[in-house]
Amino acid sequence: MMHRNKTHPYRDIRSRFSRRFSVILSAILVAVIAFSYLPALSSGLIASDDTSASDNKTSASDTSDTAQAVSGQDSTATTTDPYSVDGSSKGVGQQVLELPSLDQVQCASYYCYDRTTGEVLISKEENKKIYPASMTKIMTLALAMEYLEPDEVITVSKTAMDATTPNSTMMGLVAGEQIEANELYFGLMLPSGNDAANVLAEEIAKHYNASKGALPTTTPKPTPPTDPNTPLTEDPNTFSLIGQFAYIANMKIQALGLTNSHFVNPNGLQNENHYTTAKELAMMFDYALNFEDFCRVISTPTHFFKADNKHSFDGWKVVKNTNNLLTDPWILGEDCHCAQVFGGKTGTTKTAGTGMTLLTINENGHEIITTVCGIPYDLADHQTVYVAAVVRQANIVCWENDPVHQVDGNVVDNRGYNAPDGQGPSGERSNITVSGQDHPEDTEPSAPSETAQTEPAATSSAPIEQKEEKKSLFEEHPVMVIILVVLAVIVVTVLVITCISISKTRRRRRKMGIRKINF
């Protein structure tokens, strides 16, 4: 009699179902693990080492691939280090300029005077009447040096501020401000402050009255000016303090033997009775150069103002000298034999035009005063190059007159500075380069591509010190790693149990002679 299988058919069904359930559960767990890796993949923590050329189609979302595409590199190339680029200079910098000739310089007059020998080097219409504009402040500062002490504190008056005009150049004073005369000197000459000029003028008049007595009741008659229609100095009894300053300035002009000059204010604002000539303005500058502190001020490129009762912190304003030749003297050219642009004063108004008076030192040691006046106002942006052209020619003539080397260095070596005593140049100069500009010996820049794009240099096999060591995934995200490990253990355990169960079932079937029934 045939032996019958006593195993219930539904038991085999349940066995297959449990196996399939285990496989499905394993697949779900594998999917969970895969999705757990997605944040790491999107943030670039896990990167594939196998990159094919076809990946270029999808590289738009990847920053590194985009950079490789822009540089023309193959996407299969290893990632280049960002510090391996060729950082050497390709010639960026100030270009050499060509100054105009003297015939091309448009101005009313100029006068170049060798202060060392007393010779006139070059000149044009030096006795022509001109308006000095802010070059008037040369005389204002010279008189301040004569009558004031640099550390005395001066109170800014309302009358001084009211005498300024809107839209004119200012130092930035306010009525009631208590400020040292030293600061007013720099505020007068560097930004060409008309407010500083008025304050100093009033203080000069006070000191004159205190030291030399009240001004006379009648004005001493000066040497008659060239123009017979020009009025003489007004009666000082009608003067304000600023008017009295003008009287003092005119007395100084007469004392210097100047006959074609007359001042009515300390700042040079336009007035028909405020005039001089290029030659006489140079003589006023020559007088002012006798004051050591005057020379210190005009040679200063910038200045920081100290705190006072109206400004609570040091450095409340930084002013720059309007004389561009002071900061960029190289424009004169290396072959003009000028060893130093010492300093000076600019002046500009719509009527007067623009100009400059300055001192330069020749390679032969001679001191040269140059005054350029009356450059048309609509050519005010030509001021620096026009003045430089005149200064250049004056220095060439001076050198030709006495070609003996006396002063070392060029105009840049001897450029002026402004610093507290003891904090100036040390006299030593080092060759300083920015770190990172010296390239490793094993790094060479790659040749330009056919599309004229410059490729980054080849990456050195040696490690670069600036590059930080990358952290492992566990160090960056320990919690995520632990979760992934636990899930992996569960998946492995389920798979092992499933395999054991399937194996037992198959053995049991073989023993009982039961064939697989497909439903």
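Residues numbered from 1 in each chain as written. Predicted model: local features only at pLDDT ≥ 70, side-chain atom pairs only at ≥ 80, totals over all residues. Heavy atoms only, no water.

## Thoughts on the nonpolar core
Just so we agree on the cut-off: Remark: nonpolar core denotes a set of buried residues (Ala, Val, Leu, Ile, Met, Phe, Trp, Tyr, Cys) joined through side-chain atoms within 4.5 Å. With a 1.4 Å probe rolled over the protein chains alone, any residue whose accessible area is under 20% of its type maximum counts as buried; one over 50% counts as exposed, and the rest are partly exposed. The contact definition used throughout considers only heavy atoms, calling two residues in contact when any of these lie within 4.5 Å.
Counting residues in hydrophobic clusters, the biggest one holds 62 residues, and the most contacted among them are L143, L184, Y185 and F294. In contact with Y185, other than residues within four places in its own chain, are L141, A144, M145, L148, E149, P150, L200 and V297. Core analysis: the second largest hydrophobic core is formed by 30 residues, I122, L325, L332 and V390 among them.

## Some remarks on the packing of helix α3 (residues 137-147) against helix α6 (residues 194-212)
The condition is simple: Working convention: axes come from line fits to C-alpha atoms, limited for helices to the stretch in contact. Angles between N-to-C directions cover 0 to 180 degrees. Think of it this way: any DSSP run of H or I at least four residues long counts as a helix, any run of E at least two long counts as a strand, and we number them from the N terminus. Orientation categories follow fixed angle ranges, with anything under 35 degrees roughly parallel, anything over 145 roughly antiparallel, 65 to 115 roughly perpendicular, and all other angles oblique. It is the rotation of the near helix from the far one that decides the hand of a crossing: anticlockwise by less than a right angle makes it left-handed, clockwise makes it right-handed. Residues are grouped as follows: nonpolar covers Ala, Val, Leu, Ile, Met, Phe, Trp, Tyr, Cys and Pro; charged covers Asp, Glu, Lys and Arg; every other residue, Gly included, is treated as polar.
Contact geometry for α3 and α6: axes closest at 9 Å, N-to-C directions at 40°. Taken together, the axes of α3 and α6 are oblique relative to one another. Two packed elements cross with a definite hand, and for α3 against α6 that hand is left-handed. Touching K137, T140, L143, A144 and Y147 of α3 are N194, A197, L200, I204, H207, Y208, S211 and K212, all from α6. Taken together, the residues of the contact of α3 with α6 sort by class into seven nonpolar, four polar and two charged.

## Focus: unusual backbone geometry
Even without glycine at this site, N167 takes up a positive phi of about 65°. Looking at the element boundaries, N167 is found in the loop between α4 (158-162) and β5 (178-180). Residue N167 is classed as exposed on the basis of its relative accessible area of 86%.

## Details of a positive patch on the surface
Let me state the cut-off plainly: Excluding any residue in a salt bridge, patches collect residues exceeding 30% relative accessible area, merging like charges within 9 Å and nonpolar Val, Leu, Ile, Met, Phe, Trp and Tyr side chains within 5 Å. Here, Shrake-Rupley sampling with a 1.4 Å probe gives the accessible areas, and only protein chains in the shown set may cover a residue. The salt bridge definition used is simple: a Lys or Arg side-chain nitrogen within 4 Å of an Asp or Glu carboxyl oxygen. Counting rule for charge: Lys and Arg are taken as positive, Asp and Glu as negative, and neither His nor the chain ends is counted. Every charge is mapped onto a representative atom, which is NZ of Lys, CZ of Arg, CG of Asp or CD of Glu.
A cluster of basic residues, K504, R506, R507, R510 and K511, forms a positive patch on the protein surface. For R510, a relative accessible area of 61% translates into the label exposed.

## A look at the pairing of strand β2 (residues 120-124)
Just so we agree on the cut-off: Pairing between two strands is assigned when DSSP locates at least 2 bridges connecting them.
Pairing of strand β1 (residues 109-114) with β2, which is carried by four bridges, proceeds in the antiparallel orientation. By the bridge assignment, Y113 is partnered in β2 with V120. Here β1 folds back onto β2, and the loop between the two strands holds five residues, one of which, G118, carries a positive phi near 80°.

## Focus on the environment of L188
Structurally, the position occupied by L188 is in helix α5 (residues 181-189). Residues L188 and T169, spaced 19 residues apart in sequence, show a C-alpha to C-alpha distance of 9.7 Å. Ignoring any residue separated from it by four or fewer positions in sequence, one finds L188 in contact with K137, T140, L141, G193, A196, A197, L200 and K345.

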